[in-house]
Amino acid sequence: MQFLVTGAAGFLGSALANRLAREGHNVRGLDDLSTGDPSVLSPSVNFTRGDINDRPKLWTLLQGVDCVYHLAARVLVPESVLYPREYDKVNVGGTVALMEAMHDVGVRRVVFISSGAIYGEQSEQPLREKATPQPRSPYAVSKLAAEYYVRTIGRLWGIETVCLRVFNAYGPGQPLPPVHPPVIPNFLRQAALEGTLVVHGDGYQTRDYVYLDDVVNAMCGAATAPGVNDLVINVGSGVETSVRELIRLVREVTGGNPEVVYNPRNDGGPARMCADLTLAKEKLGYSPAVSLEVGLRNTFEMDAKLRKLKG
Ligand code: NAD
């Protein structure tokens, strides 16, 4: 098949594009490199640098494409609080631009990578797709608005759509920006350096941490699965893990004994998050295979190797 992956130089996009190319598909990648790194892409991925709002570029890249994976986005929740207009422009406007270009060119299917963040605070766990979204940040609003655009435009213009709500993904190669680093690579790094793990809140808040390979499996299945048009499907591990439990595992995996500091909660994130995977199992045959302990071990070991290679 011929694919276009947007956000192809990012953490999830590059893993997906490389997997599709390895499986023998023709893969084009688009990314503006605002945060992505194209050096992680296999040479068989045909990469183009460009903005998701650049419609002429989209028309060119969409010629002959069977399915688009749409991952290009701004992804930092605290940054979205400071720059909501930028998040709207890229995450919402860019998605609409892509849907228009797909319609012009006649592309059959789009798999949109949405986020578990759209659920916000919910009393019922695990989270089912029919829960009423309670987005708590401009990032979450932008992903939810993009979902609505994808599904509505898809229905009106006859484009098949699948929205995957990915929970907290982690794995080897996850970027570690100096500001607002994701919790898992940050904790692994800090623990190995015997640094300090800073927890915002009492550490009893829970998240659903899902390993990169499991997310890629779900994404791959969504391109051809029958009976998924217009669906929104959770992609997580189905396991609820507290930050305290995560720290215990990080200590075990790294052999480090970092200090842990509990600060007041600052991000307004929900108290609990756990994905219900009934629909993903039924529609995508999805079954997460990597436990948090194994995933942390792989991530720690592979990132150490990567750092050595880079010197
Ligand atoms: P990432 O930042 O590594 O990837 C996003 C990519 O989009 C980057 O390479 C960036 O350069 C590119 N990009 C940003 N603005 C662009 C623009 N205007 N035009 C073209 N490219 C642009 O983040 P990620 O973690 O790989 O996330 C990928 C997708 O998955 C995002 O849509 C995100 O919302 C979604 N998601 C991620 C997670 C997670 O835990 N990583 C969870 C839920 C959803």
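This report concerns the structure included in the present document. Nothing here was measured: the structure is a model prediction, and the numbers come from that model. (Residues numbered from 1 in each chain as written. Predicted model: local features only at pLDDT ≥ 70, side-chain atom pairs only at ≥ 80, totals over all residues. Heavy atoms only, no water.)

1. Quick look at the overall build of the chain
Stage number 1. A count of helices and strands for the chain gives 10 helices and 13 strands.
Stage number 2. Over its C-alpha atoms the chain spans a radius of gyration of 19 Å, differing by no more than 12% from the 19 Å that the globule rule assigns to 311 residues.
Stage number 3. The C-alpha extent of the chain, read off along each of the three principal axes, is 55 × 45 × 40 Å.
Stage number 4. Counting over 311 residues, the chain shows a buried share of 51%.
Stage number 5. A fraction of 78% describes how many contacts in the chain between residues 6 or more apart in sequence connect residues 24 or more apart. (Helix = DSSP H or I, 4+ residues; strand = E, 2+ residues; numbered from the N terminus. Rg over C-alpha atoms; globule rule 2.2 N^0.38 Å. Buried < 20%, exposed > 50% of the residue type's maximum accessible area, 1.4 Å probe, protein only. Contact = heavy atoms within 4.5 Å.)

2. Examining helix α6 (residues 183-192)
Stage number 1. When we look at burial in α6, the residues that qualify are I184, P185, F187, L188 and A191. Looking straight down α6, one finds that the buried residues subtend no more than 165° of arc, so they occupy a single side.
Stage number 2. For α6, the elements touching its buried residues are β7 (168-170), β8 (196-200), β10 (209-211), α8 (243-254) and α10 (292-310). (Arc of directions from axis to C-beta.)

3. Observations concerning helix α2 (residues 55-62)
Stage number 1. Regarding α2, the residues found buried are L58, L61 and L62. The arc that holds every buried residue of α2, seen down its axis, measures 95°, which confines them to one face.
Stage number 2. Structurally, α2 contributes buried residues whose contacts are with β1 (2-6), β2 (26-31), β3 (45-49), β4 (67-70) and α4 (84-105).
Stage number 3. The positive-phi residue at the C-terminal boundary of α2 is G64, with phi of around 80°.

4. What to know about the side chain of Q174
Stage number 1. Of note, Q174 is situated in the loop between β7 and α6.
Stage number 2. Note on Q174: relative accessible area 13%, which makes it buried.
Stage number 3. Beyond its immediate stretch of four places on either side in the chain, Q174 contacts F11, A169, P182 and P185.

5. Focus on the state of the cysteines
Stage number 1. Throughout the structure, instances matching the rule amount to zero disulfides.
Stage number 2. Cysteine C67 remains unbridged, with the sulfur of C220 as its closest cysteine sulfur at 10 Å. (Disulfide = S-S within 2.5 Å.)

6. Description of the packing of α6 against α10
Stage number 1. The geometry of α6 relative to α10 is characterised by a closest axis approach of 11 Å and an angle of 65° between their N-to-C directions. Classified by the angle between their axes, α6 and α10 sit roughly perpendicular to one another. Here the hand of the crossing between α6 and α10 comes out right-handed. For the pair formed by α6 and α10, the contact residues are I184, L188, R189 and A192 on the first element and L292, L296, T299, F300 and R307 on the second.
Stage number 2. Taken together, the residues of the contact of α6 with α10 sort by class into six nonpolar, one polar and two charged. (Axes fitted to C-alpha atoms, helices over the stretch in contact; angles between N-to-C directions. Parallel < 35°, antiparallel > 145°, perpendicular 65-115°, else oblique. Left-handed = near helix turned anticlockwise from the far one by under 90°. Nonpolar A, V, L, I, M, F, W, Y, C, P; charged D, E, K, R; others polar.)

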